[in-house]
Amino acid sequence: MHIISLGAGVQSSTMALMAAAGEITPMPIAAIFADTQAEPKSVYVWLDWLEKQLPFPVHRVTAGSLEKRALEMRTTKDGRRFTKTDIPFFTLSASNQIGKIKQRGCTRDFKLNPIRKLIRKLGGIARGQKTVGVVQWIGISLDEVYRMKESRHPWQENRWPLIEKGISRADCLRWMAAHNFPRPPRSACVFCPFHNNSEWRRLKTEEPSEFEKAVQFEKAVQFEKTKTQNMRSTLFLHRSCKPLSEVDFSTEEDRGQLNMFNNECEGMCGV
Ligand code: SF4
């Protein structure tokens, strides 16, 4: 049973359309999109279009709003307020040291887990099953080969069809153009700290209301964190640790999507 993990970006969209065209076999039984409820509008519009082109169903799963989760306050039994950070923010300490939060709870809780849950259901995976029941397709391309990771679950095998075919992200865009398909958007939460300057610039110019959401989100996070006792550094979305609304995104060379997600990535965001 083959199932696509659909990020709804360039690579996984191309992979799904290639499967629909019979260029990758066998035909998957479904694609699954994990919705953080924080993708830019362009991704949701794209997804609506994409699912009409595919002969298999696209299931949308969600663990709720990642934005709401990031702003959630918790209280210990003795009344101290604290927060857990799920998003890999940049941090600025009182002594002006720039750092980065290493956890990636957002990918795990809002993408990997909801997809895994539905894959288990669709694949009829029994509790404690040790044999492979599902092959999950992941849309990592040749230029991101370092993001490949074997499945942690004995009942699931991971497959990277674009790598099997030796296809890069640029090849995906060429394939889409050759088939007269529109250009897919980049997929990632509007406030993802892995955006490079080129993506921030695109968001700001092409989807200003989405960029504004990221600006407001950063302010809200900073405000909420001041009420906690466990977060001393200030959190930022841009690596310069300047407020997003004040960053000059034109100062840095374009880096492309390749550098957006580093080796810590578990292979779901941004493809
Ligand atoms: S796109 Fe970024 S913020 Fe969103 S889940 Fe992935 S790593 Fe987290």
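Above: the structure in question.
Residues numbered from 1 in each chain as written. Predicted model: local features only at pLDDT ≥ 70, side-chain atom pairs only at ≥ 80, totals over all residues. Heavy atoms only, no water.

**Q** In this structure, what is going on with the overall build of the chain? I would like to understand it.
**A** Along its length, the chain carries eight helices and 10 strands. Computed over the C-alpha atoms, the radius of gyration of the chain is 19 Å, within 12% of the 18 Å expected from 2.2 N^0.38 for a compact globule of 271 residues. The principal-axis extent of the C-alpha atoms belonging to the chain is close to 55 × 45 × 30 Å. Counting only residues that meet the buried cut, the chain has 52% of its 271 residues in that class. Once local pairs closer than 6 in sequence are excluded, the contacts in the chain between residues at least 24 apart make up 70%. Within the structure as shown, the chain displays about 12800 Å² of accessible surface, and the carbon and sulfur contribution to it stands at 51%. Of the side-chain charges in the chain, 41 are positive and 30 negative, and the distance between the mean point of each set is 6 Å. (Helix = DSSP H or I, 4+ residues; strand = E, 2+ residues; numbered from the N terminus. Rg over C-alpha atoms; globule rule 2.2 N^0.38 Å. Buried < 20%, exposed > 50% of the residue type's maximum accessible area, 1.4 Å probe, protein only. Contact = heavy atoms within 4.5 Å. Areas by Shrake-Rupley, 256 points an atom, 1.4 Å probe, with all protein chains shown as cover. Lys, Arg positive; Asp, Glu negative; His and termini not counted. Charge placed at Lys NZ, Arg CZ, Asp CG, Glu CD.)

**Q** Looking at this structure, I do not really get the pairing of strand 8 (residues 134-138). What am I missing?
**A** Across a regular strand the side chains alternate sides, sitting on one face of the sheet and then on the other. For strand 8, the buried fraction is high: five of the five residues fall into the buried class. Burial of strand 8 is two-sided: the residues Val134, Gln136 and Ile138 facing one way and the residues Val135 and Trp137 facing the other way are all buried. Two elements, strand 1 (residues 2-5) and strand 8, share four bridges in a ladder whose sense is parallel. When the sheet's bridge partners are listed, Ser5 is paired in strand 8 with Ile138. (Pairing = 2+ DSSP bridges.)

**Q** I'm lost on the sheet that holds strand 6 (residues 90-92) in this one. Help?
**A** Sheet strands pair by backbone hydrogen bonding; their relative direction is either parallel or antiparallel. Strand order in the open sheet made by the three strands is 7-6-10, with antiparallel pairing throughout. What marks the edges here is a single partner per strand, and that holds for strand 7 (98-100) and strand 10 (234-236). In this sheet, adjacent strand axes meet at a mean angle of 35 degrees when their direction is disregarded. In this structure, strand 6 lies alongside strand 10, joined through three bridges in antiparallel fashion. Paired with Phe90 across the two strands is Phe236, which belongs to strand 10. (Axes fitted to C-alpha atoms, helices over the stretch in contact; angles between N-to-C directions.)

**Q** What's the story with the packing of aromatic side chains in this structure? I'm lost.
**A** Centre distance and the angle of the planes are the two values used to describe a pair of aromatic rings. A full pass over the atoms with the stated rule returns eight aromatic pairs. Centroid distance Phe191 to Phe217: 4.1 Å. Interplanar angle 25 degrees. Geometry classified as stacked. Remark: Phe217 occurs in helix 8 (residues 208-225) and Phe191 occurs in the loop between helix 6 (169-178) and helix 7 (197-206); sequence separation between them is 26 residues. Take Phe191 and Phe217: they sit in the same class, and that class is buried. Ring centres 5.9 Å apart and planes at 90 degrees place the aromatic pair Phe211 and Phe249 in the edge-to-face group. With Phe211 in helix 8 and Phe249 in the segment after strand 10, the pair connects residues that are 38 residues apart, well separated along the chain. By the ring-pair criterion, three or more aromatic residues cluster together here, those being Trp46, Trp49, Trp175 and Phe181. The residue whose ring lies beneath Lys100 is Phe90, and the NZ or CZ to ring-centre distance is 4.5 Å. The ring of Phe194 is capped by Lys100, whose NZ or CZ atom sits 4.5 Å from the centre of that ring. (Phe/Tyr/Trp six-rings, centres within 6.5 Å; stacked < 30°, edge-to-face > 60°. Lys NZ or Arg CZ within 6 Å of the ring centre and 35° of its normal.)

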